[in-house]
Amino acid sequence: MINITRKEKAPDCLKKQTNYNCEDVLEKLEKDFLGKCYICETNQFSTNVEHFKAHKGNKKLKFDWENLYLACNHCNNIKLTTDILDCTNPKQNVEEQIIYNSISEIKEKIKIKVNELYKNDKLTLQTVDILNKVYNGHTKIKEIDANNLKIYFLEEMLYFQGLMLKYNKEKFNEKKLSKIESKIEDELHKGSKLTAFKRQIIKKYNYKKLQKYFD
Ligand SMILES: [Zn+2]
């Protein structure tokens, strides 16, 4: 999960308070949420318009533009009515408060942890719990979905780790290095998939020069 900035204005179709899945809502959510589910940071499952705060029949919450988020079916079914950190709130730093550990083998568990500084923060703990369920599954059926997600996860992360290897291998070859760096820049941009995990590697191993590509 990474912080994103909502820029789009509320679509007119919401005023009628009949359908929150209208075309305009979907298009604008895709733009603001950079075409990926805000929870798993991929587009591997079908798209859902998620109510960040459960509306429980409350019309205002049900059609409130600021309460509509782009999630996937897999994550939406796990989060349900749980309150989690708000990636659109700049006061809640979802990249800082959570540690996103990558894996290198399909049988490994993806371990999402709370940053020690936030170990008593209820929302951070609840978010960590949801993310662990999303990436690893907590019921048999969710394990099947999580396993498919993990295959995508590994493909994406192994590609990124390959770039990092080349970055280290070619560190004295300026021409090659600048090409590799530009590919790494794309992967660290918030529009890439699983950005939080990629940035975690950069932070953990202290690649200071590459941190300028966090935006
Ligand atoms: Zn998702």
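Everything numeric here is computed off the predicted structure, so don't read it as measured data. (Residues numbered from 1 in each chain as written. Predicted model: local features only at pLDDT ≥ 70, side-chain atom pairs only at ≥ 80, totals over all residues. Heavy atoms only, no water.)

A. Structural view of the coordination of the zinc ion. Distances from the zinc ion to its protein donors, C37 (SG), C40 (SG), C72 (SG) and C75 (SG), fall within 2.3 Å. Relative to the metal, the four donor atoms surrounding the zinc ion lie at angles of 103 to 115°, and the coordination shape comes out tetrahedral. (Donors = N, O, S within 2.8 Å, 3.2 Å for Na, K, Ca; no water. Tetrahedral: all angles 85-135°; square planar, octahedral: opposite > 155°, others 65-115°.)

B. Molecular detail of the pairing of strand β1 (residues 47-51). With four of five residues buried, β1 lies mostly within the body of the structure. In this structure, β1 lies alongside strand β2 (residues 68-72), joined through five bridges in antiparallel fashion. Each residue of the ladder has a partner; that of N48, found in β2, is A71. (Buried < 20%, exposed > 50% of the residue type's maximum accessible area, 1.4 Å probe, protein only. Helix = DSSP H or I, 4+ residues; strand = E, 2+ residues; numbered from the N terminus. Pairing = 2+ DSSP bridges.)

C. Representation of the domain arrangement of the protein chain in the model. On domain assignment, one finds that the protein chain holds domain 1 (12-79) and domain 2 (98-213). The straight-line distance from the C-alpha centre of domain 1 to that of domain 2 is 25 Å. In total, domain 1 and domain 2 occlude about 1,400 Å² of area from one another, counting both sides; carbon and sulfur atoms represent 67% of this. On the domain 1 side of the contact with domain 2, E41, H74 and I78 bury the most area, a combined 38% of that side's loss. Across the contact surface, domain 1 and domain 2 share zero salt bridges. Split into classes, the residues belonging to the side of domain 1 that touches domain 2 amount to six nonpolar, seven polar and three charged. (Domains from an automatic or database assignment. Buried area = accessible area lost by both parts, 1.4 Å probe. Salt bridge = Lys/Arg side-chain N within 4 Å of Asp/Glu carboxyl O. Nonpolar A, V, L, I, M, F, W, Y, C, P; charged D, E, K, R; others polar.)

D. Here's a closer look at unusual backbone geometry. Even without a glycine there, the phi angle at L34 is positive, about 55°. Positionally, L34 belongs in the loop between α1 (23-32) and β1. On the basis of relative accessible area, L34 is assigned to the partly exposed category, the value being 28%. Look at L194: it is not a glycine, yet its phi comes out positive at around 55°. Along the chain, L194 turns up in the loop between α6 (174-188) and α7 (195-204).

E. Up close: the nonpolar core. Formed by 60 residues in total, the largest nonpolar core has its most connected members in Y38, I39 and Y135. Ranked by the residues each element gives to this core, the list is headed by helix α5 (residues 140-169), at nine residues. In this structure Y38 touches M1, F33, E50, F52, Y69, L70, A71, K79, I84 and C87, once residues within four positions along its chain are discounted. (Core = buried A, V, L, I, M, F, W, Y, C linked by side-chain atoms within 4.5 Å. Contact = heavy atoms within 4.5 Å.)

F. The state of the cysteines, seen in detail. Across all of its chains, the model carries one disulfide by this definition. Across the disulfide, C13 is cross-linked to C22 (sulfur-sulfur distance 2.1 Å). Disulfide C13-C22: the torsion about the S-S bond is 60°, which places it as right-handed. (Disulfide = S-S within 2.5 Å.)

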